[in-house]
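What follows is each chain in one-letter form.
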Amino acid sequence: MQHLITLPVLLPLLAGIILLLPPCGKSLVLRRWVASFMALATLVASALLLSTILSAGPVVYAIGEWQPPFGIVLYADPLAVALCILTSFLSLVTIVYASRGDDKAGSFYHPLAHFLLMGVNGAFLTGDLFNLFVFFEVLLIASYALLMHKKDKHTTKAALHYVILNLVGSSIFLIALGVLYGVLGTLNMADMALKVALLQGDDIYLAKIGGLLLLIVFALKAALLPLHLWLPATYGRAMPVIAAQFAIMTKVGVYAIMRVFTMIFGEQAGELSGIASTWLWPLALVTLVVGAVGVLAAEDLRRLSANLVIVSVGTLIAMVALNDEQATAVAIYYMVHSTIACAAMFLIADMIALQRGKVQDRLVNSRGVAEPKLLGICFVVAAIALAGLPPLSGFVAKLWLLDASYGAEVAWVFWPIYLLASLATLVALSRAGTSLFWHDHPNQDEQFEDNVYAGKRRTWALVLILMVPLMMTVFAAPLNEMSNEAAAILHNSQVAIDTVFALAKEQ
Amino acid sequence: MELLYASCVGLLVASGIYLILRARTFPVVLGLTMLSYAVNLFLFSSGRLKINQAPVLGQSASYADPLPQALVLTAIVIGFAMTAFVVILAIRGRADLGNDHVDGQPRATRATKGSK
């Protein structure tokens, strides 16, 4: 079972290759089944991995038995594996949803979805900073191709901006890695955490430059202000089912910030501890404000959801900036909740756009949707979760979040901004729901085309994803415990150092 | 040698950034390429500059660090793939948007649209 940790990365890779080969490459039906099954298998493997490390502590795996810190290691702690589960689940839902017909809009949807899953899971599980770069590139190139899945003019423009921006981001990432390697002589995260504390003299400034360059890259991926401008255009233009899968990608940026700035530049780092916090606080608050304004100003439901992603990133980064265990635990719970809720909103926006004909999902009065009951219920559930009203997980997250930031010095700025932002979300979502579902013209004469109806697969996907906020409320206590444990392990970088170097001694 | 090396990297980065800020896709692609060359050179130098020393233990009195060389190799491969992708995307953009501007339309037409 020691190889279990590689499965969340290897299974999607295998799936991607199988899906490209003849028997699957020819038959769409077979491709759909294999893609869904492999996503499910990845989900099961991640869940097994989580149960293993919850009982036995974090796991390290030296790839090719090259000894750390020289070889590349995979490192699984509860945070990383929980996010792997989240990603695999999200991929499963979007693949099932896309199997109703969205996968026919372009070629290679299923293999690309699996390559994206591989990149994201790899980015979560890696214990090596250069390997993180490689997995970032894997997930980015899959996302570039997925973004271009549907051929239209505006998507090309959005994609061009997205690709150029991310290529510049990758260059900065490499420069940061070069600086850090030049100073520390290692890129293994645990080893870096160990060596950062030993720096002296001018090397401290160099390491600081390297660390802050990394922050720029991760902030770009996470869509933190002022590097967020690509997000509404990209997510608004991508096919909604693909945007739903992209909901995890900003969280990869947030995860990388958490990993690097609490593990490597954490409490043990001496003069370099907490170098990011001073920057993260103001940026997080401004991101919240701009996201909330964007939510209010959005003209269609997809842009609204894209701006909700920005609001969630602002909230998450504020929690990361607080830099204590309690806040990190909230961030983990909130990260899962907000990813699922935003993705669900993208899927619902897709259904609404399909069923309203020409006006699509624009928030104007028009003919009603074909299935008002199903979509209405789904929309209400997703909206309640996103706005943070009881009884769904948004409310639990909000309460816990306010509680965690209560003692902090900055709470007097954070509370009003956060609460106003969630008020803005509530207002925007109620307004959207009113114009989408209530202010419609009767449409007895109109015939809907057959392919706009939800059908079994889409309904199942929607039900599956909307069960999560409910389940996260029902099982709030165990999840709370798990998040606390994951946060404790993340903050105590000695755990990672011990685990990684225990492996080195064994060999 | 250090001075020459550092100025080369700096010059490449400067020209890369200048080209990336241009309005048409071709200079932008060239800029990205130059930036990735600069980054590769920079990564290579993070293992310190040494002449005539093999990255193998016991071959010479001191040895060159092999890890940055492996990193550079990976970075070159990835950079190559990404450049190929962005070139194709730029050609697609030229076909779809009718011109080769990064923003989808030349500044002149945008200005007239605004004034209408």
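The name an unreviewed UniProt entry assigns to chain B is Na+/H+ antiporter subunit C, from the organism Pseudoalteromonas qingdaonensis. The heading Sequence similarities (unreviewed entry) in the UniProt record of chain B holds the text "Belongs to the CPA3 antiporters (TC 2.A.63) subunit C family." Taken directly from UniProt, the Subcellular location (unreviewed entry) text for chain B runs: "Cell membrane".

As annotated in an unreviewed UniProt entry, chain A carries the name Monovalent cation/H+ antiporter subunit D and is attributed to Pseudoalteromonas qingdaonensis. Per its UniProt entry, chain A bears the Sequence similarities (unreviewed entry) comment "Belongs to the CPA3 antiporters (TC 2.A.63) subunit D family."

**Q** Explain the overall build of chain A to me, please; I cannot follow it from the model alone.
**A** Secondary structure assignment for chain A yields 20 helices and four strands. For 507 residues, the compact-globule estimate of 2.2 N^0.38 gives 23 Å, and the C-alpha radius of gyration of chain A, at 22 Å, lies within 12% of that figure. A principal-axis box enclosing the C-alpha atoms of chain A has dimensions of 75 × 60 × 45 Å. With 507 residues in all, chain A has 60% of them scored as buried. Intrachain contacts of chain A at a sequence separation of at least 6 include 79% that bridge at least 24 residues.

**Q** Looking at this structure, how should I read the overall build of chain B?
**A** Looking only at helices and strands, one finds four helices and zero strands in chain B. Listing every helix and strand of chain B by position from the N terminus yields α-α-α-α. For a compact globule of 116 residues, the expected C-alpha radius of gyration is about 13 Å, and chain B comes in at 20 Å, more than 25% above that figure. Taking the principal axes of its C-alpha atoms as reference, chain B extends roughly 75 × 25 × 15 Å. For chain B, buried positions account for 27% of its 116 residues. Sequence-distant contacts, at least 24 apart, represent 48% of the contacts inside chain B between residues at least 6 apart.

**Q** Quick question: what am I supposed to make of the interface of chain B and chain A here?
**A** Size of an interface: often given as the accessible area lost when the parts come together. If you look at the interface, chain B gives 26 residues, while chain A gives 20 residues. Per-element tally for the side of chain B that touches chain A: the top contributor is helix α3 (residues 66–97) of chain B, with 15 residues. For the side of chain B that touches chain A, the per-class residue count stands at 19 nonpolar, five polar and two charged.

**Q** Please explain the domain arrangement of chain A as it appears in this structure.
**A** Residue and element names in this part refer to chain A. Domain parsing of chain A yields domain 1 (1–271 + 476–507) and domain 2 (276–474). Every contact between the two is made by 43 residues of domain 1 and, on the other side, 43 residues of domain 2. Among the elements of the structure, α4 (78–98), α9 (202–222), α10 (230–237), α11 (240–264) and α19 (476–491) are those that each provide at least two residues to the side of domain 1 that touches domain 2. With 13 residues, α11 is the single largest residue contributor to the side of domain 1 that touches domain 2. Among the residues forming the side of domain 1 that touches domain 2, the class breakdown is 32 nonpolar, nine polar and two charged.

**Q** Please clarify how the environment of Arg237 of chain A should be interpreted in this entry.
**A** All names here are of chain A. As for its position among the elements, Arg237 is in helix α10. Separated by 77 residues in the primary sequence, Arg237 and Leu160 have C-alpha atoms spaced 12 Å apart. Here Arg237 is in contact with His154, Thr155 and Ala158, once residues within four sequence places are set aside.

**Q** Mind showing me how you'd approach helix α18 (residues 455–474) of chain A here?
**A** It helps to recall that an α-helix has 3.6 residues per turn; residues three or four apart then point in one direction. Residues and elements named next belong to chain A. For α18, which comprises 20 residues, the first-to-last C-alpha distance of 28 Å matches the rise-based estimate of 28 Å (1.5 Å per residue) to within 8%. Residue Val468 marks the point of greatest curvature in α18, where the axis turns by about 25 degrees; the proline Pro469 follows within four residues. Taken together, the buried positions of α18 are occupied by Arg458, Ala461, Leu462, Ile465, Leu466, Val468, Pro469 and Met472. Residues of α18 that are buried make contact with α4, α14 (325–355), α15 (372–387), α16 (393–405) and α19.

**Q** Would you take a moment to explain the UniProt feature "domain: NADH:quinone oxidoreductase/Mrp antiporter transmembrane" (unreviewed entry) in chain A for this structure?
**A** The UniProt record annotates "domain: NADH:quinone oxidoreductase/Mrp antiporter transmembrane" (unreviewed entry) at residues 127–414 of chain A. With 76% helix and 1% strand, residues 127–414 of chain A has end C-alpha atoms that lie 33 Å from one another.

**Q** Sorry, what's going on with the confidence of the model for chain A here?
**A** Low pLDDT marks stretches whose predicted atomic positions should not be read closely. The predicted model of chain A has a mean per-residue pLDDT of 88, with 98% of residues at 70 or higher. Looking over chain A, one finds the lowest element-wise mean pLDDT in strand β4 (residues 440–441) of chain A, namely 68, and the highest in helix α5 (residues 109–125) of chain A, namely 94.

**Q** It is not clear to me how unusual backbone geometry should be interpreted in this structure. Could you clarify?
**A** Among all residues save glycine, negative phi is the norm, and among peptide bonds the norm is trans. All names here are of chain A. For the bond running from Pro68 to Pro69, omega is 5 degrees, close enough to zero to count as cis. As for its placement among the helices and strands, Pro69 is situated in the loop between β1 (59–62) and β2 (73–76). Here Leu225 and Pro226 are connected by a cis peptide whose omega angle stands at -5 degrees. Of note, Asn323 is a non-glycine position whose phi angle comes to about 55 degrees, a positive value. Its location among the elements puts Asn323 in the loop between α13 (301–322) and α14. You can call Asn323 buried: it has 21 C-beta atoms within 10 Å.

**Q** Where do I start with the nonpolar core in this structure?
**A** Residues and elements named next belong to chain A. The biggest cluster of nonpolar side chains holds 228 residues, and the ones touching the most others in it are Ile257, Ile317, Leu347, Ile348 and Ala382. Of all the elements, α14 adds the most residues to this core, at 22 residues. Both domain 1 (1–271 + 476–507) and domain 2 (276–474) contribute no fewer than three residues apiece to this core. Residues contacting Ala382, with those up to four places away along its chain left out, are Ala341, Ala344, Met345, Ile348 and Leu466.

**Q** Just checking my understanding: could you explain α3 of chain B for this structure?
**A** The terminal C-alpha atoms of α3 of chain B lie 46 Å apart, and with 32 residues this matches the ideal 46 Å at 1.5 Å per residue to within 8%. Each element contacted by the buried residues of α3 of chain B is listed here: α6 (129–147) and α7 (153–184) of chain A together with α2 (25–45) of chain B. Within two residues after α3 of chain B, Gly98 of chain B carries a phi angle of roughly 85 degrees, on the positive side.

**Q** For this particular structure, what's the right way to read the UniProt feature "transmembrane region" (unreviewed entry) in chain B?
**A** All names here are of chain B. Residues given the UniProt feature "transmembrane region" (unreviewed entry) here are residues 26–49 and 70–91. Between the end C-alpha atoms of residues 26–49 there is a gap of 34 Å, over a span that is 83% helix and 0% strand. Across residues 70–91, helical content stands at 100% and strand content at 0%; the span's end C-alpha atoms are separated by 32 Å.

Cut-offs applied
Residues numbered from 1 in each chain as written. Chains lettered and ligands numbered in written order. Predicted model: local features only at pLDDT ≥ 70, side-chain atom pairs only at ≥ 80, totals over all residues. UniProt positions renumbered as here; feature names shortened; annotations may be inferred. Helix = DSSP H or I, 4+ residues; strand = E, 2+ residues; numbered from the N terminus. Rg over C-alpha atoms; globule rule 2.2 N^0.38 Å. Buried ≥ 20, exposed ≤ 12 C-beta atoms within 10 Å, placed from the backbone. Contact = placed C-beta atoms within 7 Å. Nonpolar A, V, L, I, M, F, W, Y, C, P; charged D, E, K, R; others polar. Domains from an automatic or database assignment. Expected span 1.5 Å × (residues − 1). Bend = angle between axes of the 7 residues up to and from the residue. pLDDT = per-residue confidence, 0-100. Core = buried A, V, L, I, M, F, W, Y, C linked by C-beta atoms within 7 Å.

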